[in-house]
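A closer look at the structure
Each chain is listed here by its residues.
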Amino acid sequence: MLNIFETQQKLAAAFGPSGQENEVAGMIAEIAKPFADEVYTDRLGNLVAYKKGGGEASVMFSAHMDSIGLIVTHIDENGFLWFSQVGGLAVWRIYGSVVRFGNGTRGVVFINGKANPKEAKLSDLYIDIGAPDGKTARETVSVGDVAVFDQPAFLMSGNCLASPYLDDRIACVVLLAAMQEIPKTANDLYFVFSSQEELGLRGAKTAAYGIAPTYGIAVDVTTSGDIPDHKPKMECRLHGGAAVKIMDASVICHPRVVKWLEDAADREGIPRQREILQAGGTDAGAIQVARAGVYAGAISIPTRYIHNPVEICALDDVEACVKLVRASCAISL
Ligand code: CO
Ligand code: ZN
C-alpha cells in the first residue's frame, strides 16, 4: 500500500493552482496507471482513472487536484507584486506567509503600511520577491502568474499530519491508496481527480456530465470542530473517523447514499462520524445536478485550518477514508 505521508508530501509540493493542474495531474497519473484500465484527461483538466467492472452501475469518485493561489494583478515600479485571489483567501490567513510561483520564484506576503491590519483587505497585501525595481520583477514574474503556499509537509505527534493543501491533495492520496486494493466489482468505477473546484466545482461539473454516473461521491476535507472556541458548533473532529457528509452549502446528500456509506462503514468496522459543513461546498454539489441527476454524497477528512498555508489532519482518519472508499465501490441499492 502506498505511503500516505510520502505521497501527500510529494503532491503538496507540486504546483497546481486552479486551472493549472498539469503538474499534479502528471504525478497522479503515474501512480494511478498500474491500477486502472484507462487514464485520460478532459478539456477542463480533469484526470480520470477508469476501472472496468460488471457494468451494473457507474460510480464516480471525485477529489480535486487544484489548490487556491495568489494571482498577480499589478507589478509596481518598486518591484512589489499586488495580487487577487484564485479561490478563497483571507488576509489574516496569508499575512506573513511564504509563496512560490510556477518558475520557483519565492516571495513573502506583507501588508501596505497605510492599511490597518484589523480591517485590511487582500488589496492591501503585496508579495515581496526581493526585486530591486519593477523592471527586474517583470523579468521573473508576469501579471497573471499565480503563486502557491511554499511550506513543507511534516508528521506531528498524535498521529497527525501537517501540510499545505491537504485541501484537497490528501483526498487525491485517499483515492490513489483505495484504488490500489479494489477487487473487481459489479460497478464501473471512475476515479476523477478534478480541476478548478476552488473556483466553483467547475471540473466536477464537466466530468460528471461526461461520465454520466449513477452515483457520485466527492472526497474532500471538511472543517474540524475541535479547535478552541470553534464557531459554529460542529461535532466532526480529528480522530473521529471518516466523515460521512449530510450537507454543506453546495449539496444535501442523498439519504440512500448516506445510509449506504454508513452501513458500509459499520459492516467493516470503519470508524465514522457525520458531517455538516455550514460554509463551503464540494464536488458533490456539481455532481448531484449533472444531467438528469446523480445519487450523490461525500466522504470527508476532518481538517483543521483549511485554506491556511498549513493545514492539519489525522492519519487515522485518512486511513478510515481509504477503507470507506474501498467499501463504497461495491455500492448496490
Ligand atoms: Co478548498
Ligand atoms: Zn477542497
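What counts and how
Residues numbered from 1 in each chain as written. Chains lettered and ligands numbered in written order. Predicted model: local features only at pLDDT ≥ 70, side-chain atom pairs only at ≥ 80, totals over all residues. Heavy atoms only, no water. Domains from an automatic or database assignment. Contact = heavy atoms within 4.5 Å. Buried area = accessible area lost by both parts, 1.4 Å probe. Buried < 20%, exposed > 50% of the residue type's maximum accessible area, 1.4 Å probe, protein only. Helix = DSSP H or I, 4+ residues; strand = E, 2+ residues; numbered from the N terminus. Pairing = 2+ DSSP bridges. Donors = N, O, S within 2.8 Å, 3.2 Å for Na, K, Ca; no water. Tetrahedral: all angles 85-135°; square planar, octahedral: opposite > 155°, others 65-115°. Phe/Tyr/Trp six-rings, centres within 6.5 Å; stacked < 30°, edge-to-face > 60°. Lys NZ or Arg CZ within 6 Å of the ring centre and 35° of its normal. Disulfide = S-S within 2.5 Å. Axes fitted to C-alpha atoms, helices over the stretch in contact; angles between N-to-C directions.

1. Notes on the domain arrangement of the protein
- Entries for the protein in the domain assignment read domain 1 (4-67 + 165-328) and domain 2 (69-149).
- Using C-alpha coordinates to define each centre, domain 1 is positioned 30 Å away from domain 2.
- Between domain 1 and domain 2, the residue contacts involve 15 residues of the former and 12 residues of the latter.
- For the domain 1 and domain 2 pair, buried surface summed over both sides reaches about 1200 Å², with 59% attributable to carbon and sulfur atoms.

2. Quick look at the pairing of strand β17 (residues 295-304)
- Among the 10 residues that make up β17, 8 are buried, leaving the element largely enclosed by the rest of the structure.
- Note that strand β13 (residues 215-223) and β17 share 9 bridges and pair parallel. Bridged to Thr222 within β17 is Pro302.
- In the sheet, β17 pairs with strand β18 (residues 311-314) via 2 bridges, with the strands oriented antiparallel. Looking across to β18, one finds that Thr303 is bridged to Cys313.
- The turn linking β17 back onto β18 is made up of 6 residues, and Tyr305 within it adopts a positive phi angle of 65°.

3. Overview of the coordination of the zinc ion (ligand 2)
- Coordination of the zinc ion (ligand 2) by the protein is provided by His64 (NE2), Asp167 (OD), Asp220 (OD) and Asp220 (OD), with metal-donor distances spanning 1.9 to 2.7 Å.
- Coordination at the zinc ion (ligand 2) comes from 4 donor atoms whose angles at the metal span 51 to 150°, giving a geometry best classed as irregular.
- Within one chain, the residues donating to the zinc ion (ligand 2) are spaced in sequence as H-x102-D-x52-D.
- The distance between the zinc ion (ligand 2) and the cobalt ion (ligand 1) is 3.4 Å, with Asp167 acting as a donor to both metals. Residue Asp167 is found in helix α5 (residues 166-179), and its partner Asp220 is found in strand β13; the two are separated by 53 residues along the sequence.
- A residue is classified by how much of its surface remains accessible, and Asp167, at 5% relative accessible area, is buried.

4. Brief notes about the packing of aromatic side chains
- One pass over the full model with this rule turns up 7 aromatic pairs.
- Centroid distance Tyr215 to Tyr295: 5.5 Å. Interplanar angle 25°. Geometry classified as stacked. Here Tyr215, found in strand β13, pairs with Tyr295, found in strand β17; they are 80 residues apart in sequence, far enough to count as distant.
- Taking the relative accessible area as the measure of exposure, Tyr295 reaches 27% and is therefore partly exposed.
- Aromatic ring contacts, followed pair by pair, group Phe80, Trp82 and Tyr126 into a single cluster.
- The ring centre of Tyr209 lies 4.1 Å from the NZ or CZ of Arg291, which sits over that ring.

5. Structural notes on the environment of Tyr209
- With respect to the element layout, Tyr209 can be found in helix α6 (residues 202-211).
- Taking relative accessible area as the criterion, Tyr209 reaches 51% and is therefore assigned exposed.

6. A word on the coordination of the cobalt ion (ligand 1)
- Protein ligation of the cobalt ion (ligand 1) involves Asp167 (OD), Glu198 (OE), Glu198 (OE) and His307 (NE2), the donor distances falling in the range 1.8 to 2.6 Å.
- Considering all 4 donor atoms around the cobalt ion (ligand 1), angles at the metal cover 55 to 151° and the coordination shape is irregular.
- The motif formed by the donor residues of the cobalt ion (ligand 1), counted along the single chain, is D-x30-E-x108-H.
- Here Glu198 falls in the buried class, since its relative accessible area comes to 14%.
- His307 sits in the buried class, given a relative accessible area of 16%.

7. Quick word on the state of the cysteines
- For the coordinates displayed, the defined rule picks out 0 disulfides.
- Free cysteine: Cys160, not disulfide-bonded; nearest cysteine sulfur from Cys313 at 7.4 Å.
- By relative accessible area, Cys160 is classed as buried at 8%.
- For Cys236, which is in no disulfide, the shortest distance to another cysteine sulfur is to Cys321 and amounts to 9.3 Å.
- Residue class for Cys236 comes out buried when judged on its relative accessible area of 1%.

8. Considerations on the sheet that holds strand β4 (residues 69-75)
- On the basis of which strands lie adjacent, the closed barrel formed by 6 strands has the order β4-β5-β8-β7-β6-β9 and antiparallel pairing. Averaged over neighbouring strand pairs, the angle between their axes works out to 45° when direction is ignored.
- Two strands pair when backbone bridges link them, and strand β6 (residues 98-101) and strand β9 (residues 146-149) are joined in this way by 3 bridges, in the antiparallel orientation. When the sheet's bridge partners are listed, Phe101 is paired in β9 with Ala147.

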